[in-house]
Amino acid sequence: MIPALNPLVLSLRESATLAINRTALDLRRAGQPIFHFGFGQSPFPVPEPLQEALRRNAHQKDYLPTRGLPELCQAVAAFYRRGFDYDFSAEEVCIGPGSKELIFQTIYLVEGPLLIPAPSWVSYGPQAALRGKSIVPIATRRENGYRLQAEELDRACHGLGQCQKVLILNNPNNPTGAFYRRQEMEDLAEICRAYQVLVISDEIYAMLNFTDRPHSSMAHFYPEGTIVSAGLSKSFAAGGYRLGVLLVPKSLQLVLEALQSVISETFSAVSAPIQYAALEAYGNFDAIRPFVAKTSDIHHYVCDYVYRRLIAMGLNCPRPEGAFYLFPDFQNQREQLRCKGILTGQRLCEDLLQEAHVALLPGGDFYLAATALGARLAPVDYDGSAALAAWPGKEAVTEGMARQLFPRIIEGCDRLADYLSAL
Ligand SMILES: Cc1ncc(COP(=O)(O)O)c(C=O)c1O
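Note that the structure is a prediction, hence the values are computed from the model and not measured.

**Some points on the sheet that holds strand β2 (residues 93-96)**
In space, the 7 strands of this open sheet follow the order β2-β8-β7-β6-β5-β3-β4, with mixed pairing throughout. Looking at strand neighbours, the two that pair on one side only are β2 and β4 (135-139), the edges of this open sheet. Taking the axes of each pair of neighbouring strands and ignoring which way they run, one obtains an average angle of 25 degrees across the sheet. Here β2 runs beside strand β8 (residues 244-247); their pairing, made up of 4 bridges, is antiparallel. Its bridge partner being in β8, Val93 is matched across the sheet by Leu247. In this fold helix α4 (residues 70-84) packs onto β2 and β8, with an angle of close to 115 degrees to the strand it touches most, β2.

Printed below as a string of structure tokens:
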């Protein structure tokens, strides 16, 4: 039987990040030395207090309330009040199976085109497509560190007329490691207020901040129109736990109510043991804070190391200020690549994987033109447990220690440098 499928689904392909992960791991299993910089997963073990809480709560078997365990909602609201200066109450918190699903449901239930600063995370566009929603990529500039500027947003909103507009803004950013300045956020908030844009502020990397500036968010400057998404996956290193949180202000009560209805008719509630484990993470954060600080320091060290190497290779790349990504641009090598028959980012990444055994993701997967030669590099291919156990602090790492802790990061950079010098 050939079943007829929903045409909206037919336009989708496997998520680019998951696809590159599969290819790279298949090649590695086949014996190829692969430097896997294609998949953005935290390399660290789940912090022990979280694991312990999960073990303790294996017996929790009852369905929990649709929006989440009330004590967890309370703890999440308090966590964001204390750590981020947000003003959300427990009634404005919703728990879901990963922030990805919560972002999808939000996109699903609000009207209007989705504005996406380019480059941005791969999944926003396909999620909008699943709902038959149009997307409006807004090109950002390398000179601005790929951070969306108010004039760029203004121009895009102006061109869309009167309809409701939805902006998704990821800070710190996947794939560039960009981290917004306070003034930029204030300026963007002004535009959003003027056009009554509904903002989804994707803050999944908010605790991986390499600067000494506090995290600025639309939730500070445009709270009435901003929904914040976050979760356990990145700074708590528990992506596989699949727990995300959404903070929806009272002014957007209709969104929260609709979300509750959709959840009640779909996944019902997040698994109870995981919610109790998350209660430990958010409710007793002081026990996990040292883990978050140390792992963030490691990400910072590795990102800085790779950044210096990329610049030394003659690539353009803004210095990452958060998350665990870099976005080098091979534009300076376009001519040499053209002589090799490489005209697109996709071909470049295929060639890099084949010849240098380095896995990157092409900029086209992040809403850039197919011919753009920017690519995402996720420097997380190392043994996180070993790095965590031996970590002396970013300033105290010797070259020998770096070689021992991050051999594939260093060799991957060497391979990339060899590839470029052979062009
Ligand atoms: C920018 C961004 N947002 C959201 C997510 C989804 O995270 P999760 O569904 O694990 O909470 C990811 C995961 O890679 C991401 O990179």
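**Considerations on the environment of Lys250**
Tracing the backbone shows Lys250 in the loop between β8 and α10 (253-265). With 13 C-beta atoms counted inside 10 Å, the residue Lys250 sits in the partly exposed group. Expressed as a C-alpha distance, the spacing of Lys250 and Glu92, which sit 158 residues apart in the sequence, is 6.6 Å.

**Focus on the pairing of strand β7 (residues 226-231)**
Most of β7 sits inside the fold, with 6 of its 6 residues counted as buried. Burial along β7 is two-sided: Thr226, Val228 and Ala230 and Ile227, Ser229 and Gly231, pointing in opposite directions, are all buried. Sheet analysis places strand β6 (residues 198-202) next to β7, joined by 4 bridges and oriented parallel. Residue pairing across strands places Val199 opposite Thr226, the latter belonging to β7.

Cut-offs used in this document
- Residues numbered from 1 in each chain as written.
- Predicted model: local features only at pLDDT ≥ 70, side-chain atom pairs only at ≥ 80, totals over all residues.
- Pairing = 2+ DSSP bridges.
- Helix = DSSP H or I, 4+ residues; strand = E, 2+ residues; numbered from the N terminus.
- Axes fitted to C-alpha atoms, helices over the stretch in contact; angles between N-to-C directions.
- Contact = placed C-beta atoms within 7 Å.
- Buried ≥ 20, exposed ≤ 12 C-beta atoms within 10 Å, placed from the backbone.

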